[in-house]
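Observations on the model geometry
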2 protein chains.
Amino acid sequence: MQKKTFALGVDLGGTSIKTGVVDKSGKILDQISVDSKASKGPPAVIQQIIFTIQHFMGKYGEPKCMGIGIGAPGVVSVEEGLVKHPPNFAKWEEVALAKAVRKATTLPIFVENDANVAAIAEAKYGVGIEHKDFLFVIWGSGVGGGIIFDRKIFRGPSGGAGEIGHVTIDYNGPVCNCGNRGCIEAYIGQRYLSERTKEILESQPEDATLSKIIRLAEGNLNKIDPYLISMAAEQGDPIAREVFEEAGKLLGYALASVLNILDLRIVVMGGGVSAAPQYVYMEMETSLCSRILKPNRAAVHIVRSRLGNSAGMIGAASLVM
Amino acid sequence: MQKKTFALGVDLGGTSIKTGVVDKSGKILDQISVDSKASKGPPAVIQQIIFTIQHFMGKYGEPKCMGIGIGAPGVVSVEEGLVKHPPNFAKWEEVALAKAVRKATTLPIFVENDANVAAIAEAKYGVGIEHKDFLFVIWGSGVGGGIIFDRKIFRGPSGGAGEIGHVTIDYNGPVCNCGNRGCIEAYIGQRYLSERTKEILESQPEDATLSKIIRLAEGNLNKIDPYLISMAAEQGDPIAREVFEEAGKLLGYALASVLNILDLRIVVMGGGVSAAPQYVYMEMETSLCSRILKPNRAAVHIVRSRLGNSAGMIGAASLVM
């Protein structure tokens with residue numbers, strides 16, 4: 001019998017599917033990225049996932065693979081391998097993803113929520129080396145989270161724990177996608193950051209002409225998104241800086257509530273926007289420390305994810321191991 | 001050898017110490033209440049606790065007792081039996097309570113936070129009979145909480161989980177005792193409810209003369225506290241009703257954030273103010289349901305503590321069992 005040396009980790013995203021060959025030490029040995037075809041409906045997406053799996057089975061041989069882990073957006077029912085309502089996926093209500101993929105392979109298959117998967121990867125192979133308890137935050141188009149206690153994921157009674165994007169910071173605040181008011185996601189999610197930036201640019205037309213944001217967007221304000229603002233911020237653009245500092249401060253307020261409830265001190269930032277400049281982290285930490293219960297302040301620390309964009313693949317693979 | 005038939009549960013409060021003889025089914029067989037002497041410093045308080053213990057040891061005999069559990073306010077370090085900074089206790093920084101009480105008895109002694117103890121009692125002998133996962137809320141002079149997962153208390157990495165009184169509902173809100181702004185406790189804790197009521201009474205002098213609150217307070221506005229407001233509310237006083245409805249609505253907003261993070265649906269209300277009229281519960285449930293994530297709404301339910309004021313003693317005793 002051949003020795004099993006790797007697991008496959010599938011990171012299912014709204015734009016692309018990234019699948020990695022991951023060894024027992026959490027190292028990515030090989031990887032592939034394909035269009036997720038999210039707008040085409042579940043069968044097309046599943047076909048793409050299976051394509052990446054068969055690609056590596058052909059290349060390395062199924063007998064050497066321990067199994068397949070999949071990190072998926074939306075609400076995931078771990079036991080049944082169900083994925084419900086992933087945002088940005090068309091015609092996707094409730095899909096038995098594990099069952100569908102199992103038709104293409106005899107290997108064991110595990111499915112877990114994408115934020116949890118990334119948190120698991122950090123706990124096993126990243127920041128978790130120093131910290132056994134932390135809140136993992138994904139700041140991208142929305143705001144999500146995963147809770148790590150004693151280096152293990154904390155799912156809550158029905159797998160939905162860690163929905164930190166829907167923590168309220170002002171009960172009279174703006175309406176969020178979820179229907180609630182004043183959720184932190186309604187302040188710092190992709191849509192808000194882009195709109196806030198446009199607002200400032202439009203209210204200060206003299207500055208706007210000099211703005212690096214507008215240059216990066218080639219004059220088209222509708223092209224503005226958090227990644228573009230982030231690039232402008234790195235190039236020293238003052239409006240980008242203002243938007244991000246404000247966002248960081250507000251996120252700090254939300255984190256204070258969460259850390260107080262969960263008895264945590266360490267925050268690990270992942271997701272696209274977490275690549276923001278250091279001054280954003282300083283704003284976050286300052287506002288968090290000003291709001292968290294006093295006895296906990298000294299130990300508070302916000303750090304960047306150590307695995308970055310690979311956390312999804314590594315964490316998914318580690319579901320198998 | 002005599003059969004061990006009961007445990008002692010000590011409920012240490014700022015005003016009184018209630019100690020109960022509790023059997024294995026969670027029934028209180030006998031109880032005593034003494035002044036806690038909280039203003040006299042730790043040695044006086046400890047002496048009072050020991051007095052209640054010796055009272056029952058004399059009455060029933062130490063050999064029949066399984067041990068002693070103590071529920072204490074403040075931050076409790078369960079392993080060491082330490083109690084830190086209990087509010088309303090003079091000259092009390094950090095006291096090794098278990099060690100101090102152990103000098104008076106050879107029985108095993110356990111110490112736990114008072115909110116956690118009450119939550120444990122509900123989980124074992126109260127609402128927990130139907131619900132295995134819930135948030136226990138103590139609404140009294142402040143707002144505290146205990147988290148029950150799978151009928152067990154969830155303490156967090158260092159025993160501080162469940163500090164729901166310091167969840168922010170408005171980051172620009174009023175300053176709380178903890179130094180933060182807009183904590184739910186700063187809206188619905190004893191001080192706020194009393195001040196809010198006084199404000200309304202003073203702004204509506206013609207209603208004030210008819211107010212049941214003023215009659216209950218014998219004309220002295222400084223006598224107004226939540227229990228008095230609660231009594232007036234039960235008698236149909238409209239100002240008391242207004243204050244409580246507003247408080248219930250705001251608490252619902254805070255609970256939405258907490259339930260979203262913890263993946264919980266059931267809230268159990270304990271503490272003095274939880275005896276408020278049913279319309280307060282309706283306000284709470286309505287605002288909570290309007291704010292919690294949609295898929296969780298149908299299962300949301302707020303219920304009253306079933307053990308009431310006895311939860312502290314029963315839960316403390318059950319630490320032993």
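Residues numbered from 1 in each chain as written. Chains lettered and ligands numbered in written order. Predicted model: local features only at pLDDT ≥ 70, side-chain atom pairs only at ≥ 80, totals over all residues. Heavy atoms only, no water.

Examining the overall build of chain A
Within chain A, the secondary structure is distributed over 11 helices and 13 strands. Radius of gyration (C-alpha) of chain A: 20 Å, near the 20 Å computed for a compact globule of 321 residues. Judged by the C-alpha coordinates and their principal axes, chain A covers about 70 × 50 × 35 Å. Relative to its 321 residues, chain A shows a buried fraction of 57%. The positive charge centre, built from 34 side chains, and the negative charge centre, built from 33, are 7 Å apart in chain A. (Helix = DSSP H or I, 4+ residues; strand = E, 2+ residues; numbered from the N terminus. Rg over C-alpha atoms; globule rule 2.2 N^0.38 Å. Buried < 20%, exposed > 50% of the residue type's maximum accessible area, 1.4 Å probe, protein only. Lys, Arg positive; Asp, Glu negative; His and termini not counted. Charge placed at Lys NZ, Arg CZ, Asp CG, Glu CD.)

Some thoughts on unusual backbone geometry
The residue Arg151 of chain A is not glycine, and still its phi comes out positive at about 65°. You can call Arg151 of chain A partly exposed: its relative accessible area is 38%. The phi torsion at Glu218 of chain B lies on the positive side, around 50°, for a residue other than glycine. With respect to the element layout, Glu218 of chain B can be found in the loop between helix H7 (212-216) and helix H8 (226-234). Accessibility expressed as a relative area gives 62% for Glu218 of chain B, which makes it exposed.

Overview of the packing of helix H5 (residues 190-203) of chain B against helix H9 (residues 238-262) of chain B
Residues and elements named next belong to chain B. H9 packs onto H5 with a crossing angle of 135° between their chain directions and a minimal axis gap of 10 Å. With respect to their mutual orientation, H5 and H9 come out oblique. Considering the relative orientation of H5 and H9, their crossing is right-handed. Across the interface between the two elements, Leu193, Arg196, Thr197, Ile200 and Leu201 from H5 touch Ile239, Glu242, Val243, Phe244 and Ala247 from H9. Across the contact of H5 with H9, the residue classes break down as seven nonpolar, one polar and two charged. (Axes fitted to C-alpha atoms, helices over the stretch in contact; angles between N-to-C directions. Parallel < 35°, antiparallel > 145°, perpendicular 65-115°, else oblique. Left-handed = near helix turned anticlockwise from the far one by under 90°. Contact = heavy atoms within 4.5 Å. Nonpolar A, V, L, I, M, F, W, Y, C, P; charged D, E, K, R; others polar.)

Considering the relation of the copies chain B and chain A
The two copies are related by a screw motion: chain B maps onto chain A through a turn of 180° and a shift of 0.0 Å along the axis, at an RMSD of 0.0 Å. In symmetry terms, the pair is related by a two-fold rotation axis. Among all residues of chain B, the one whose C-alpha sits closest to the rotation axis is Asp170 of chain B, at a distance of 2.0 Å. Of the interface residues in chain B, 100% have counterparts in chain A that sit at the interface too, so the contact is made through matching surfaces. (Least-squares fit on C-alpha atoms with pLDDT ≥ 70 in both.)

Describing the nonpolar core
Counting residues in each nonpolar core, the largest one holds 107 residues, and the members touching the most others are Leu135 and Trp139 of chain A together with Leu135, Trp139 and Phe244 of chain B. Setting aside residues no more than four positions away along its own chain, Leu135 of chain A makes contact with Gly146, Ile147, Ile164, Leu255, Val258, Leu259, Leu262, Leu264, Ile266, Val267 and Val268 of chain A. (Core = buried A, V, L, I, M, F, W, Y, C linked by side-chain atoms within 4.5 Å.)

What to know about the pattern of salt bridges
All names here are of chain B. For the coordinates displayed, the defined rule picks out 22 salt bridges over all chains. Between Lys18 and Asp11 there is a salt bridge; the shortest N-O distance is 4.0 Å. Accessibility expressed as a relative area gives 16% for Asp11, which makes it buried. Taking the shortest distance from any N to any O, the salt bridge between Lys223 and Glu218 comes out at 2.5 Å. For Lys223, a relative accessible area of 40% corresponds to the partly exposed category. (Salt bridge = Lys/Arg side-chain N within 4 Å of Asp/Glu carboxyl O.)

Some points on the packing of aromatic side chains
Residues and elements named next belong to chain A. Per the counting criterion, the structure on display carries 19 aromatic pairs over all chains. Both rings, one in Phe56 and one in Tyr60, keep their centres 6.1 Å apart while their planes meet at 25°; by these two values the pair is stacked. Of this pair, Phe56 and Tyr60 both sit in helix H1 (residues 42-60), four residues apart, which is roughly one turn of that helix. With a relative accessible area of 31%, Tyr60 lands in the partly exposed category. For Arg241, the ring lying beneath its charged end belongs to Tyr279, and the centroid distance is 3.9 Å. (Phe/Tyr/Trp six-rings, centres within 6.5 Å; stacked < 30°, edge-to-face > 60°. Lys NZ or Arg CZ within 6 Å of the ring centre and 35° of its normal.)

Digging into the side chain of Asn180 of chain A
Among the secondary structure elements, Asn180 of chain A is positioned in the loop between strand S11 (152-154) and helix H4 (185-188). Reaching out from Asn180 of chain A, the side chain makes a polar contact with the backbone oxygen of Arg291 of chain B at a distance of 3.0 Å. Excluding residues that lie within four positions of it along the chain, Asn180 of chain A makes contacts with His166, Thr168, Pro174 and Val175 of chain A together with Arg291 of chain B. (Polar contact = N/O pair within 3.5 Å; in protein donor to acceptor, adjacent residues only side chain to side chain.)

Focus on the interface of chain B and chain A
Residue-level contacts link 37 residues of chain B with 38 residues of chain A. Of the roughly 3200 Å² buried at the junction of chain B and chain A (both faces included), carbon and sulfur atoms supply 57%. Considering only the side of chain B, the residues that lose the most area to chain A are Tyr171, Ile261 and Arg291 of chain B, jointly responsible for 24% of the buried surface there. Scanning the region where chain B abuts chain A turns up 21 residue pairs in polar contact (both at pLDDT 80 or more). (Buried area = accessible area lost by both parts, 1.4 Å probe.)

Thoughts on the environment of Asp23 of chain A
Residues and elements named next belong to chain A. When you line up the elements, Asp23 lands in strand S2 (residues 16-23). A relative accessible area of 16% places Asp23 in the buried class. It is 25 Å that separates the C-alpha atoms of Asp23 and Gly272, two residues lying 249 residues apart in sequence. If near-sequence neighbours (up to four positions away) are discounted, Asp23 is found in contact with Thr5, Phe6, Leu29 and Met321.

Examining the pairing of strand S4 (residues 65-72) of chain A
Residue and element names in this part refer to chain A. Most of S4 sits out of view: eight of its eight residues are buried. By the bridge criterion, five bridges tie strand S1 (residues 6-12) to S4 in an arrangement that is parallel. Within S4, the position partnered with Leu8 by the bridge is Ile68. Both S4 and strand S8 (residues 109-113) contribute to a ladder of five bridges, which runs parallel. Paired with Gly71 across the bridge in S8 is Glu112. (Pairing = 2+ DSSP bridges.)

Here's the deal with helix H5 (residues 190-203) of chain A
All names here are of chain A. The end-to-end C-alpha distance of H5, which contains 14 residues, comes to 20 Å, matching closely the 20 Å that a straight helix rising 1.5 Å per residue would cover. Within the sequence span of H5, burial applies to Leu193, Ser194, Thr197, Ile200 and Leu201. When H5 is viewed along its axis, its buried side chains cluster within an angular range of 130° and face the same direction. Exposed positions of H5 whose direction lies more than 90 degrees from the buried face are Arg191, Glu202 and Ser203. (Expected span 1.5 Å × (residues − 1). Arc of directions from axis to C-beta.)

Observations concerning the confidence of the model for chain A
All names here are of chain A. Mean pLDDT over chain A: 93, with 99% of residues reaching 70 or higher. Predicted confidence in chain A is weakest over helix H6 (residues 205-210), with a mean pLDDT of 72, and strongest over strand S3 (residues 28-35), with 98. Predicted complex metrics record ipTM = 0.91 and pTM = 0.92. (pLDDT = per-residue confidence, 0-100.)

Quick notes on the pairing of strand S10 (residues 143-149) of chain A
Residues and elements named next belong to chain A. Counting buried positions along S10 gives seven out of seven residues, so the element sits mostly inside the fold. Residues Val143, Gly145, Ile147 and Phe149 point to one face of S10 and Gly144, Gly146 and Ile148 to the other, with burial holding for every one of them. Inspection of the sheet shows strand S9 (residues 134-139) paired to S10 by six bridges, in the antiparallel sense. Note on S10: the bridge partner recorded for Phe136 is Gly146. Count of turn residues in the S9/S10 antiparallel hairpin: three residues. Between S10 and S11, which pair antiparallel and follow one another directly, the connecting turn spans two residues, one of which, Asp150, has a positive phi of 55°.

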